[in-house]
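Analysis of the macromolecular model
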Amino acid sequence: LEHSEDRLLVFKKDHDLVDSSLENKQTLSQQRLSSIHAALTQVQQHKAELEAKVKAINAAQRSGDPVQLEALPEVARSAEVGALRAKLLDAQTEFTQLENRYGPEWPRLIETQKRLEALKANLDREVRRVVTTNLNDYRVVATTEENLVKLLSQAKAEAFAVNSKELDYRRL
């Protein structure tokens, strides 16, 4: 009996089983597996949503039509894009009125034309920023998914190790 108790003590020491039971370690291991699996499921759902956005973005970019990029939901919802469109529309209206009234050499018309060009450039830049942000969101989620898959594999390996220790422990 004493020899068996000594072997049991050595086993606990070798396998870092201080005062906690193997059942506790198994429970913790199962909780960790469940938690990681739930997080992975959420990330995969989010990734699927973002994949649809990325496909739409890629199609709009391939078309070469800036209107298609501006029509993307993420771009259309951007407050900054909306504000720039409003300013651009005002500047275009002013330009048309000045052009009809004074002609192409009028100094204020030239100034309005320069403002129009600057607004168009700002709008293009903002559209690209929104698109890039969405593409980056997808990359972040994809990397998070990869990391969670690795964590899940590690957690499974740990769970199998605990199960193996339990079998060895019961044999003693």
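This text follows the structure it describes.
Criteria and thresholds
Residues numbered from 1 in each chain as written. Predicted model: local features only at pLDDT ≥ 70, side-chain atom pairs only at ≥ 80, totals over all residues. Heavy atoms only, no water. Helix = DSSP H or I, 4+ residues; strand = E, 2+ residues; numbered from the N terminus. Polar contact = N/O pair within 3.5 Å; in protein donor to acceptor, adjacent residues only side chain to side chain. Contact = heavy atoms within 4.5 Å. Salt bridge = Lys/Arg side-chain N within 4 Å of Asp/Glu carboxyl O. Buried < 20%, exposed > 50% of the residue type's maximum accessible area, 1.4 Å probe, protein only.

1. Describing the side chain of Glu94
Within the secondary structure, Glu94 is located in helix α5 (residues 79-102). Here Thr112 takes part through its side chain, which lies 3.5 Å from a polar atom of the side chain of Glu94. The residues touching Glu94, leaving out its near neighbours within four places in the chain, are Arg108, Thr112 and Arg115.

2. Re the pattern of salt bridges
Once their charged atoms are close, side chains differing in charge can pair, the charge on each being opposite to the other. Summed over the entire model, instances satisfying the criterion amount to eight salt bridges. Between Arg32 and Glu158 there is a salt bridge, with the nearest N and O atoms lying 2.8 Å from each other. Within this pair, whereas Arg32 is found in helix α2 (residues 22-63), its partner Glu158 is found in helix α6 (residues 107-171), the two being separated by 126 residues in sequence. In this structure Arg32 comes out as partly exposed when scored by relative accessible area, which is 30%. Taking relative accessible area as the criterion, Glu158 reaches 41% and is therefore assigned partly exposed. One network of salt bridges, in which partners are shared, links Lys53, Glu74 and Arg77.

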